[in-house]
Amino acid sequence: MTVQELPGAAAYRPTPPPAWKPLTDPAPLLPDPEPYRVLGTDAVGEADPGLLLRLYAELVRGRRYNAQATALTKQGRLAVYPSSTGQEACEIAAALVLEERDWLFPSYRDTLAAVARGLDPVEALTLLRGDRHTGYDPREHRIAPLCTPLATQLPHAVGLAHAARLRGDDVVALAMVGDGGTSEGDFHEALNFAAVWRAPVVFLVQNNGFAISVPLAKQTAAPSLAHKAVGYGMPGRLVDGNDAVAVHQVLGEAVARARRGDGPTLVEAVTYRMDAHTNADDATRYRTDGEVEAWRAHDPILLLERELTGRGLLDDDGKDEARAAAERMATALRERMNADPVLDPMDLFTHVYAERTTQLREQADQLRAEWEAGREQAAGDRTEEGR
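Not measured: the values here are computed from a predicted model. (Residues numbered from 1 in each chain as written. Predicted model: local features only at pLDDT ≥ 70, side-chain atom pairs only at ≥ 80, totals over all residues. Heavy atoms only, no water.)

Student: An account of the overall build of the protein chain is needed here, citing residue identities and associated values.
Tutor: Summing up its helical and strand segments, the protein chain has 13 helices and 7 strands in all. With the C-alpha coordinates aligned to their principal axes, the bounding extent of the protein chain is approximately 105 × 65 × 45 Å. Within the protein chain, buried positions represent 44% of all 387 residues. Taking the contacts inside the protein chain whose residues are at least 6 apart along the sequence as the reference set, 75% of them involve residues at least 24 apart. A total of about 19900 Å² of accessible surface is found on the protein chain, and carbon and sulfur atoms cover 52% of it. Averaging the positions of the 42 positive and the 58 negative side-chain charges in the protein chain gives two centres separated by 2 Å. (Helix = DSSP H or I, 4+ residues; strand = E, 2+ residues; numbered from the N terminus. Buried < 20%, exposed > 50% of the residue type's maximum accessible area, 1.4 Å probe, protein only. Contact = heavy atoms within 4.5 Å. Areas by Shrake-Rupley, 256 points an atom, 1.4 Å probe, with all protein chains shown as cover. Lys, Arg positive; Asp, Glu negative; His and termini not counted. Charge placed at Lys NZ, Arg CZ, Asp CG, Glu CD.)

Laid out in structure tokens, this is it:
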């Protein structure tokens, strides 16, 4: 006899518990059908001219920073560099919308965002140089360590933001990730936790078209990455990632929303990676020159420069001033990176534990002895050669 055959079973029709029902009306969470734009629309008339000029100066500086860092890889001064050329509008806007007390959680491609937030360019490149640790104090700068594993910084951002809110701190975390990172489990876990906890987090997805060589169409069949937000119960925003003013506005609104306690937002910025994935990649194997050239016409610097000159806010002297400032930054970066770093092998043990364990002390003593013995041997060899 089955359950349905028991006496009175026909009258037993359990109703779904409330948790089965949608917790949120999905309509307000859906992104616009097309990426939001400001430049070239009537909305640009409401933008602060001072902000436009600052964005332009930072974009020019960022482009030169990317070019110089890429050159340093060819000179052997950097082990690797993932360029953000073409994506500068996302990088700059992400840095400028945050207050000093907020936290930035960058990926390995987001050194420019860290520099725009005020980090020393040399410190921003230290990890990619391969000499030691992160290169900077995350707590001092409110910038989490550059994250090379895809999307693992996202749950960290949620945890920090949730903890800050529990402590009563008025802090927002902005986490940056590429389109490839949205295919990782960490992406799902972070968004799910953030929405359930209503954590003050903003997720910025820089959709640059390719996860290394894999195009977006082979990663997802969703209408857009911003649509994924609805499944977690947070708003999704779709923005033109090469429109610096639009990205700044959308991120600013998302940060304000998070700060007032209304929860997280997922922002997808549609942009394009002009350079190869890294200096070790050959992008010609998976995309055409024609595709790249088509995106050059939508260059973030070109778009903003056209707007500023058209409104009489930028002339040739202003352009020259921005380029000169960027060149000074590049010169200083090149000179400092050309100096060999002074390395201390004992730094291996400095930031492992607050108090060293017995095993670490033994290992440190052993390394110190071997290091000193090697130095003495080298000094003796030089003495012999001089005789």
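Student: Describe the pattern of salt bridges, with residues and values.
Tutor: What the rule picks out here adds up to 18 salt bridges. With its nearest N and O atoms 3.1 Å apart, the salt bridge here joins R37 to D240. Here R37 is found in the segment before α1 (49-74), whereas its partner D240 is found in strand β6 (residues 236-240), with 203 residues between them in sequence. What makes D240 buried here is its relative accessible area of 3%. The partner of D169 in a salt bridge is R167, and the shortest N-O contact between them spans 3.8 Å. The exposure class of D169 is partly exposed, given its relative accessible area of 34%. (Salt bridge = Lys/Arg side-chain N within 4 Å of Asp/Glu carboxyl O.)

Student: Lay out a nonpolar patch on the surface in plain terms, naming residues and giving numbers.
Tutor: Side chains of F193, V196 and W197 sit close together on the surface and give an oily, nonpolar patch of about 300 Å² of accessible area. With respect to the helices and strands, V196 occurs in helix α7 (residues 185-197). (Patch = residues over 30% accessible without salt bridge, like charges linked within 9 Å, V, L, I, M, F, W, Y side chains within 5 Å.)

Student: So what's going on with the packing of aromatic side chains? Residues and values would help.
Tutor: Applying the stated criterion across every chain yields a total of 5 aromatic pairs. Taking 6.3 Å as the distance between ring centres and 80° as the angle between the ring planes, the aromatic pair formed by Y65 and Y81 counts as edge-to-face. Remark: Y81 occurs in the loop between α1 and α2 (88-96) and Y65 occurs in helix α1; sequence separation between them is 16 residues. Here the basic side chain of R237 rests over the ring of Y36, its NZ or CZ set 6.0 Å away from the ring centre. (Phe/Tyr/Trp six-rings, centres within 6.5 Å; stacked < 30°, edge-to-face > 60°. Lys NZ or Arg CZ within 6 Å of the ring centre and 35° of its normal.)

Student: Residues and numbers for the nonpolar core, please.
Tutor: Counting residues in hydrophobic clusters, the biggest one holds 64 residues, and the most contacted among them are Y65, L125, L174, L251 and L304. In terms of residue count, helix α9 (residues 244-259) provides more of this core than any other element does, 9 residues in total. The next biggest cluster of nonpolar side chains, apart from the first, holds 27 residues, and it includes W103, L154, L225 and L266. (Core = buried A, V, L, I, M, F, W, Y, C linked by side-chain atoms within 4.5 Å.)

Student: Account for the pairing of strand β3 (residues 201-207), naming residues and giving values.
Tutor: Counting buried positions along β3 yields 7 of 7 residues, so the element is predominantly enclosed. Neither face of β3 is open: one carries V201, F203, V205 and N207, the other V202, L204 and Q206, and all of them are buried. Strand direction decides the pairing type here: strand β2 (residues 173-178) and β3, joined by 6 bridges, are parallel. Looking at the pairing, A173 lines up with V201 of β3. Since β2 and β3 lie parallel, the crossover through α7 that links them has a hand, and here it is right-handed. Bridge count for β3 against strand β7 (residues 265-270) is 6 bridges, and the pairing is parallel. Of the residues in β7, the one forming a bridge with L204 is V267. (Pairing = 2+ DSSP bridges. Right-handed = clockwise from strand over helix to strand, strands pointing away.)

Student: Talk me through the sheet that holds β6; I want residue IDs and the actual numbers.
Tutor: Reading across the sheet, the 5 strands line up as β1-β2-β3-β7-β6 and stay open at both edges, with parallel pairing between neighbours. A single partner strand is all that each edge strand has here, and the edge strands are β1 (103-105) and β6. Across the sheet, the axes of successive neighbouring strands diverge by a mean angle of 20°, strand direction being ignored. Docked against the sheet, α9 engages β2, β3, β6 and β7, running at close to 160° with respect to β6. (Axes fitted to C-alpha atoms, helices over the stretch in contact; angles between N-to-C directions.)

Student: Tell me what's going on with unusual backbone geometry, and back it up with residues and numbers.
Tutor: For R198, which is not glycine, the phi dihedral falls at a positive 50°. Note on placement: R198 falls in the loop between α7 and β3. With relative accessibility at 42%, the residue R198 sits in the partly exposed group.

Student: Describe in detail the side chain of T73, supporting the description with residues and values.
Tutor: Summarising the element assignment, T73 is placed in helix α1. With a relative accessible area of 12%, T73 lands in the buried category. Within polar-contact distance, the side chain of T73 engages the backbone oxygen of T70 at 2.5 Å. Excluding residues within four positions of it along the chain, T73 makes contact with L78, V80, Y81 and N279. (Polar contact = N/O pair within 3.5 Å; in protein donor to acceptor, adjacent residues only side chain to side chain.)

Student: Could you give me a rundown of the packing of α2 against α9, with the residues and numbers involved?
Tutor: Close contact between α2 and α9 brings their axes to 9 Å; oriented N to C, the two are set at 35°. Every pair of crossing elements has a handedness; the one defined by α2 and α9 is right-handed. Across the interface between the two elements, A89, C90, A93, A94 and L96 from α2 touch A244, V247, H248 and L251 from α9. (Left-handed = near helix turned anticlockwise from the far one by under 90°.)

Student: Hey, could you go over a negative patch on the surface for me, with residue numbers and the actual values?
Tutor: Together, D315, D316, D317 and E321 line one region of the surface with negative charge. Checked against the element boundaries, D317 lands in helix α12 (residues 316-337). Take D317: its relative accessible area is 59%, and that puts it in the exposed class.

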